[in-house]
Amino acid sequence: METVLILLQQILIMFLLAAVGFIAFRTGKISNEGSKTIGNILIYISLPAVIVKGFMVERTGERITGLLISMAAAAVILGICILVSRLCFRNDPIASFGAAFSNPGFFGIPLITAILGDGGVFYVAPFIAFLNLLQWSYGVSLLTGRKTGLKAKQILTAPFMIAIVVGLILFFTKLSLPVVVTKTLDFCVGLNTPLAMFAVGVYLAQCSFRKMLKKKKLYAISAIRLLLIPLIVLALLTVIPGISNDIRYGMLISAACPVGSNLAVYAQLHDKDYTYAVETVATSTLFCIVTIPLLVQLAGLLWDVIITR
């Protein structure tokens, strides 16, 4: 119950920050161009800083094993997400993309950090890396209807990939950075939650709630993204032995996050239905206020009873 209360408090804080972004956009203090700038800061500065900081933990055999387990778990979970979304939304690329890909980088990390500490990001980094790679390849192919591939240069120069490489180097070499560098990194990490939620607030501000809440398809997408897929992941994490609770909670929260904001970015970039994409992000984000704490509470009850036996 304590974990759920911490989550609820963190989600409330995040939605108050989203309200700031909402008001700032509606009053003209944040423009469309300004929201794109916020997105660039998130992608190229704050999220990479969060990932690097997550790897700045003591290197132990347990953590190395946990990292390998989390990589395998992330690959399996994302495969399940794609399969379920395609089965549920065969003829709707935006719905299929939205149901398949969550928002662990911007929405999940603050929640994971709140209950697991900075070290929890260490086990979530592979999930974020795989998810972004799949969005850039499979996701874009899904939206455009064209086969697309990633060149090695695109993968290696992606900001999240550079951050993971830097983080792994720091983790395995045990290299200590100067205080001025770590302090600067801390400030960049601190940007992630407020800016990400400002961006969510901007998305919400672009929606007509009256029209949005009348669209049954949005409820279906949210149900798959926030309930069906996380429940399948919860069952999987419950029956697989040898996984630490940090990995279990990190993977569950990552899989239970709302539709990733990149859906709106890619829809706009490839001239697809941007309004529909924004509505899927906004609707699922609103509903996750309820679903994430409930799923974490259910997980705690199951894992306390089954796994501790």
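As the structure is a prediction and not an experimental result, all values here were calculated from the model.

## Examining the overall build of the protein
Link 1 in the chain: Check the secondary structure of the protein and you find 14 helices and zero strands.
Link 2 in the chain: Going residue by residue from the N terminus, the α and β elements of the protein occur as α-α-α-α-α-α-α-α-α-α-α-α-α-α.
Link 3 in the chain: Here the C-alpha radius of gyration of the protein, 18 Å, is about what a compact globule of 309 residues would show, namely 19 Å.
Link 4 in the chain: Along the first, second and third principal axes, the C-alpha atoms of the protein reach 50 × 45 × 40 Å.
Link 5 in the chain: With 309 residues in all, the protein has 50% of them scored as buried.
Link 6 in the chain: Accessible surface, the protein: about 14,200 Å² in total, of which carbon and sulfur atoms supply 66%.

## Overview of a nonpolar patch on the surface
Link 1 in the chain: The grouping of Ile43, Tyr44, Ile45 and Leu191 at the surface amounts to a nonpolar patch, some 340 Å² of accessible area in total.
Link 2 in the chain: Position of Ile43 among the secondary structure elements: in helix H2 (residues 32-54).

## Regarding unusual backbone geometry
Generally, phi is negative for residues other than glycine and the peptide bonds are trans, each holding for most cases.
Link 1 in the chain: One non-glycine residue, Lys174, lies in the positive phi region at around 55°.
Link 2 in the chain: With respect to the helices, strands and loops of the structure, Lys174 is situated in the loop between helix H8 (159-173) and helix H9 (179-205).
Link 3 in the chain: Despite not being glycine, Asp271 shows a phi value in the positive range, around 60°.
Link 4 in the chain: With respect to the helices and strands, the residue Asp271 is situated in the loop between helix H13 (262-269) and helix H14 (274-306).
Link 5 in the chain: Judged by relative accessible area, which is 71%, Asp271 ranks as exposed.

## A few points about the packing of aromatic side chains
Link 1 in the chain: Applying the stated criterion across every chain yields a total of 12 aromatic pairs.
Link 2 in the chain: A centroid spacing of 6.4 Å and a plane angle of 70° characterise the contact between Phe15 and Phe107, whose relative ring orientation is edge-to-face. Separated by 92 residues along the polypeptide, Phe15 in helix H1 (residues 2-26) and Phe107 in helix H5 (residues 104-116) bring together distant segments of the chain.
Link 3 in the chain: Judged by relative accessible area, Phe15 falls into the buried class, the value being 14%.
Link 4 in the chain: Through successive ring pairs, a cluster of aromatic residues spans Phe55, Phe122, Tyr123, Phe171 and Phe172.
Link 5 in the chain: Seen from the ring of Trp303, Arg248 lies directly overhead, with NZ or CZ sitting 6.0 Å from the centre.

How each quantity is defined
Residues numbered from 1 in each chain as written. Predicted model: local features only at pLDDT ≥ 70, side-chain atom pairs only at ≥ 80, totals over all residues. Heavy atoms only, no water. Helix = DSSP H or I, 4+ residues; strand = E, 2+ residues; numbered from the N terminus. Rg over C-alpha atoms; globule rule 2.2 N^0.38 Å. Buried < 20%, exposed > 50% of the residue type's maximum accessible area, 1.4 Å probe, protein only. Areas by Shrake-Rupley, 256 points an atom, 1.4 Å probe, with all protein chains shown as cover. Patch = residues over 30% accessible without salt bridge, like charges linked within 9 Å, V, L, I, M, F, W, Y side chains within 5 Å. Salt bridge = Lys/Arg side-chain N within 4 Å of Asp/Glu carboxyl O. Phe/Tyr/Trp six-rings, centres within 6.5 Å; stacked < 30°, edge-to-face > 60°. Lys NZ or Arg CZ within 6 Å of the ring centre and 35° of its normal.

Remember, this is a structural readout, not a statement about activity or role.
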